[in-house]
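# Architecture at a glance
One-letter residues, chain by chain:
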Amino acid sequence: GLILIALLFKVSAAPFHFWAPDVYEGSPTLTTATMATVAKIAAFAGFYRLFSTVFVPAYSTYAWVLSIVTALTIAIGNLSALNQDSFKRMLAFSGISHAGYMMLAIISFTGKTDNALFYYALAYGISSIAAFAIAISVSANVGSEKFEAFNGLGKTKPYLAAALTLAMLSMSGIPPLAGFFGKYYIFSEAVRNKHLGMVIFAVVNSVIGVYYYMKVVIAMYTKTPAEVAISVKPAYTFVIALCVFLMLLIGILPSSFASLL
């Protein structure tokens, strides 16, 4: 039980998610990106490893706990993200909701969901890195991490706006991007393991997620741009371009990548 609590805290799953939004917002964006991607994926690898091997005999005892935690994490992450005006804080709550989706693989591990989990983690990680890299470039020039900082980005830096739009669509689970197949594999395995009700709940919440992801897209393409020139360092340009390429490639060839994980 104590190990489970520690793992839930590490992956920022409800009700141990409270630290994530404040820490993500208060940390340098590069540090936040590392915590939201590498650290979270590693934590889920440990989570899955423990529960699919060591704690298999105890699963029946904790199955109902994991199911409640999964539902709470998905709902709290998505509903809390709706009211945010900070892009970084929105990504923090978005990360909580994605932790809930990945928890579906934990509660379905009896069907060997490791490929689905790590495909989802890869898709989420790539999309998040692209979003954070763009956020770093914008905030460094505009001096703000609010949604307003992205106003008019579609006119001033169209390639940045296009990349961020793709990242938001991937996180939303829109085909043919990597995020769509990540959710497809996770949900399919959950249905196969008789968690249909949980999958329906997750799908409804995914639709809610589209709303807050589109807030930044609307700001980029419909609002008046800020009177600040935005410059992007070559290293960030390379990272953003690589992430966009991988989002498209993994989305177009999902089965090839899933079989490698």
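Remember, it's a predicted structure, so these values are computed and weren't measured experimentally.

## Thoughts on the overall build of the chain
On a plain count of helices and strands, the chain comes out with 12 helices and zero strands. Mapped in sequence order, the helices and strands of the chain form the string α-α-α-α-α-α-α-α-α-α-α-α. Against the compact-globule benchmark of 18 Å for 261 residues, the chain has a radius of gyration of 18 Å, which places it among compact chains. Classification of the 261 residues of the chain by burial places 52% in the buried group. Split by element, the accessible area of the chain, about 11000 Å² in all, is 72% carbon and sulfur. Across the chain, the mean location of the 15 positive side-chain charges is 7 Å away from that of the 8 negative side-chain charges.

## Notes on the environment of Trp-64
With respect to the helices, strands and loops of the structure, Trp-64 is situated in helix H4 (residues 59-81). Relative accessible area serves as the criterion here: at 56%, Trp-64 is assigned to the exposed category. Measuring from C-alpha to C-alpha, the distance between Trp-64 and Asn-83 comes to 30 Å, with 19 residues separating the pair along the chain. A polar atom in the side chain of Trp-64 sits 3.1 Å from the backbone oxygen of Thr-61.

## Notes on the packing of helix H8 (residues 158-172) against helix H11 (residues 234-252)
Where H8 contacts H11, the two axes come as close as 10 Å, and the packing angle between them is 45 degrees. By the angle class used here, H8 and H11 are oblique. Considering only the axes of H8 and H11, their crossing is left-handed. For the pair formed by H8 and H11, the contact residues are Tyr-159, Leu-160, Ala-163, Leu-166, Ala-167 and Ser-170 on the first element and Thr-237, Ile-240, Val-244 and Met-247 on the second. Looking at the contact of H8 with H11 residue by residue, the class counts come to eight nonpolar, two polar and no charged.

## Things to note about the side chain of Ser-97
Mapped onto the elements, Ser-97 comes out in helix H5 (residues 87-107). A relative accessible area of 1% places Ser-97 in the buried class. From its side chain, Ser-97 meets the backbone oxygen of Ser-94 in a polar contact 2.6 Å long. Beyond its immediate stretch of four places on either side in the chain, Ser-97 contacts Thr-73, Ile-74, Gly-77, Asn-78 and Tyr-212.

## Some remarks on the nonpolar core
The tendency in soluble globular proteins is for nonpolar side chains to be buried as a group. Judged by nonpolar contacts, the single largest core of 83 residues is most densely connected at Phe-47, Leu-66, Phe-87, Met-90, Phe-150, Leu-164 and Met-168. Discounting residues that sit within four places of it in the chain, Met-90 has contacts with Ala-81, Gln-84, Phe-147, Met-168, Tyr-212 and Tyr-213.

## Brief notes about helix H1 (residues 2-10)
In an α-helix, one full turn covers 3.6 residues, which means residues spaced three or four apart are oriented alike. Burial in H1 covers these residues: Leu-4, Leu-7 and Leu-8. Angular distribution of buried residues about the axis of H1 spans 100 degrees; they occupy a single face of the element. Ser-12 occupies a position one or two residues after H1 and carries a positive phi of about 55 degrees.

What counts, and at which threshold
- Residues numbered from 1 in each chain as written.
- Predicted model: local features only at pLDDT ≥ 70, side-chain atom pairs only at ≥ 80, totals over all residues.
- Heavy atoms only, no water.
- Helix = DSSP H or I, 4+ residues; strand = E, 2+ residues; numbered from the N terminus.
- Rg over C-alpha atoms; globule rule 2.2 N^0.38 Å.
- Buried < 20%, exposed > 50% of the residue type's maximum accessible area, 1.4 Å probe, protein only.
- Areas by Shrake-Rupley, 256 points an atom, 1.4 Å probe, with all protein chains shown as cover.
- Lys, Arg positive; Asp, Glu negative; His and termini not counted.
- Charge placed at Lys NZ, Arg CZ, Asp CG, Glu CD.
- Polar contact = N/O pair within 3.5 Å; in protein donor to acceptor, adjacent residues only side chain to side chain.
- Axes fitted to C-alpha atoms, helices over the stretch in contact; angles between N-to-C directions.
- Parallel < 35°, antiparallel > 145°, perpendicular 65-115°, else oblique.
- Left-handed = near helix turned anticlockwise from the far one by under 90°.
- Contact = heavy atoms within 4.5 Å.
- Nonpolar A, V, L, I, M, F, W, Y, C, P; charged D, E, K, R; others polar.
- Core = buried A, V, L, I, M, F, W, Y, C linked by side-chain atoms within 4.5 Å.
- Arc of directions from axis to C-beta.

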